[in-house]
Amino acid sequence: MSKSWQYPFCSHHAIIGTGNISSGNLSFDDGNKYGKLCLRLETITCPNPNCREFTIESELRELKKTHPSYVFGNTLSSWKLRPQSSAKPLPSYIPTAIKEDYEEACLILNLSPKASATLARRCLQGMVRDFWEVKPQNLAKEIESIKDEVEPDTWEAIDVVRKIGNIGAHMERDIDQIIEVDENEAGLLIGLIEMLIEEWYISRYNRQQRLENMKQLGQDKDIQRRMKVKPVTLE
């Protein structure tokens, strides 16, 4: 059995085969109120020779009786043990505060989607202030100030992060009104943060590197021309 995989430590894409996967099941009952359960553990080692890191994931599943044995039922819980979140490794040139907010938003996603959304909001505010160099105000005004700088659909998505993040960042006027943020919604906010990091910071860095390479190429060619020996004319 094989599956396509993007490794979290190095972002390497590969087809993972049986030689890179190990798994095991521990079934138990012991008189618990849920009946027969299974704890499944899986490890995957990155085939990239420059990485060779490994992941560990686990899930707790129901076991349903069939003749003559059992089959897996619903998943009751799941855990990422190594790495502990789905945060992508970010380049060193991304500002530290932005990296920390992003990584923490990913880390707490399963435990508290509302808190994760709040951190995504703070991460977004840090990015808007840093990348676009806007004057610090409230986030709504900061986002409004870049409305003409980004694509309309991107701007609308950014404003969604602000609004959903506000649920955790600010107390509602009606304290009896509870607005939930589920894991999928918070995950979408994190996905937007990753997209903006790619489009803003990484694209800018790659463009700067290409221009620097062209500049260096021009300088190297100038040096070669100056060092070139002039041909000697025989009379």
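Right above here is the structure, for reference.
In this text the structure is predicted, and so the values were computed from the model without any measurement.

Thresholds applied
- Residues numbered from 1 in each chain as written.
- Predicted model: local features only at pLDDT ≥ 70, side-chain atom pairs only at ≥ 80, totals over all residues.
- Heavy atoms only, no water.
- Salt bridge = Lys/Arg side-chain N within 4 Å of Asp/Glu carboxyl O.
- Helix = DSSP H or I, 4+ residues; strand = E, 2+ residues; numbered from the N terminus.
- Buried < 20%, exposed > 50% of the residue type's maximum accessible area, 1.4 Å probe, protein only.
- 1 Å grid on protein atoms, 1.4 Å probe; cavity = no way out; pocket = protein on both sides within 12 Å on 5 of 7 lines; lining within 4 Å.
- Points joined across faces, edges and corners; volume = space filled by probe spheres on them.
- Nonpolar A, V, L, I, M, F, W, Y, C, P; charged D, E, K, R; others polar.
- Core = buried A, V, L, I, M, F, W, Y, C linked by side-chain atoms within 4.5 Å.
- Contact = heavy atoms within 4.5 Å.
- Polar contact = N/O pair within 3.5 Å; in protein donor to acceptor, adjacent residues only side chain to side chain.
- Phe/Tyr/Trp six-rings, centres within 6.5 Å; stacked < 30°, edge-to-face > 60°.
- Lys NZ or Arg CZ within 6 Å of the ring centre and 35° of its normal.
- Pairing = 2+ DSSP bridges.
- Axes fitted to C-alpha atoms, helices over the stretch in contact; angles between N-to-C directions.

Trainee: I tried to follow the pattern of salt bridges on my own but got confused; where do I start?
Mentor: Opposite charge on two side chains permits them to pair, given that their charged atoms come into close proximity. For the structure shown, the criterion picks out ten salt bridges. The closest approach of N and O atoms between Glu53 and Arg82, which form a salt bridge, is 2.9 Å. Of this pair, Glu53 sits in the loop between strand E4 (37-45) and strand E5 (54-65) while Arg82 sits in strand E6 (residues 70-82), placing them 29 residues apart in sequence. Judged by its relative accessible area of 28%, Arg82 is partly exposed. Here Asp222 and Arg225 are joined by a salt bridge, their closest N and O atoms 2.1 Å apart. Taken together, the residues span about one helical turn, with Asp222 and Arg225 both in helix H5 (residues 183-227) at a distance of three residues. Overall, Arg225 belongs to the exposed group, its relative accessible area being 56%. Salt bridges sharing common partners tie together Asp159, Arg162 and Lys163.

Trainee: So what exactly am I meant to see when it comes to the layout of surface pockets here?
Mentor: Sizing a probe to match a water molecule and rolling it over the atoms shows the empty space that remains. Of the volumes computed, that of the largest pocket is approximately 280 Å³. Lining the largest pocket we find 15 residues, and of these Glu57, Ser78, Trp79, Lys80 and Asn110 sit closest to its centre. Those elements giving two or more residues to the lining of the largest pocket turn out to be E4, E5 and E6. Residue classes in the lining of the largest pocket are distributed as three nonpolar, six polar and six charged. Contributing to the lining of the second largest pocket are 17 residues, with Gln6, Tyr7, Pro8, Ser85 and Ser86 lying nearest its centre. Among the elements that make up the lining of the second largest pocket, the one with the highest residue count is E5 (three residues). Class assignment of the residues belonging to the lining of the second largest pocket gives a composition of seven nonpolar, five polar and five charged.

Trainee: It is not clear to me how the nonpolar core should be interpreted in this structure. Could you clarify?
Mentor: The nonpolar side chains of soluble globular proteins are, as a tendency, buried together. Tyr102, Leu124, Met127, Ile193 and Trp200 are the most contacted members of the largest nonpolar core, which totals 35 residues. When residues of this core are traced back to their parent elements, those giving at least two are helix H1 (96-107), helix H2 (113-132), helix H3 (139-144), helix H4 (152-169) and H5. Among the elements that make up this core, the one with the highest residue count is H5 (ten residues). Those residues within four positions of Tyr102 in sequence are excluded, and the remaining contacts are Ser86, Ala87, Lys88, Leu90, Cys123, Ile190, Ile193 and Glu194. In this structure, Ala14, Ile16, Ile44 and Cys46 belong to the second largest nonpolar core, which totals seven residues.

Trainee: In this structure, what is going on with the environment of Leu217? I would like to understand it.
Mentor: Mapped onto the fold, Leu217 is located in helix H5. C-alpha of Leu217 to C-alpha of Glu185: the two residues are 32 residues apart in sequence and 47 Å apart in space.

Trainee: I'm lost on the side chain of Glu142 in this one. Help?
Mentor: Tracing the backbone through its elements, the reader meets Glu142 in helix H3. At a separation of 3.1 Å, a polar atom in the side chain of Glu142 contacts the side chain of Gln125. In contact with Glu142, not counting residues within four places along its chain, are Gln125, Val128, Arg129, Val134, Lys135, Pro136 and Gln137.

Trainee: Would you mind going over the packing of aromatic side chains with me for this structure?
Mentor: Tallied over the full model, the rule gives five aromatic pairs. Here Phe131 and Tyr201 contribute two aromatic rings whose centre-to-centre distance is 5.4 Å and whose plane-to-plane angle is 70 degrees, an arrangement assigned as edge-to-face. Here Phe131, found in helix H2, pairs with Tyr201, found in helix H5; they are 70 residues apart in sequence, far enough to count as distant. For Phe131, a relative accessible area of 17% translates into the label buried. Pairing Trp132 with Trp200 gives two aromatic rings, centres 5.6 Å apart and planes at 85 degrees, and the pair type is edge-to-face. Here Trp132, found in helix H2, pairs with Trp200, found in helix H5; they are 68 residues apart in sequence, far enough to count as distant. The buried category is assigned to Trp200, whose relative accessible area is 6%. Members of the aromatic cluster, each reached through a chain of ring pairs, are Phe131, Trp132, Trp200 and Tyr201. Of note, Lys36 hangs over the ring of Tyr70, and the distance from its end group to the ring centre comes to 5.4 Å. Just above the ring of Phe54 sits the side chain of Arg82; from NZ or CZ to the centre is 4.2 Å.

Trainee: So what exactly am I meant to see when it comes to the sheet that holds E4 here?
Mentor: Within a sheet, each strand pairs with its neighbour through backbone hydrogen bonds, oriented either parallel or antiparallel. Spatially, four strands are ordered E3-E4-E5-E6 in an open sheet, and the strand pairing comes out antiparallel. Across the chains shown, the open sheet's two edge strands, defined by having one partner strand only, are strand E3 (21-28) and E6. Sheet twist, expressed as the average angle between the axes of neighbouring strands with direction ignored, equals 20 degrees. Relative to E6, E5 is paired through nine bridges, and the arrangement is antiparallel. Paired with Ile56 across the strands is Arg82, a residue of E6.

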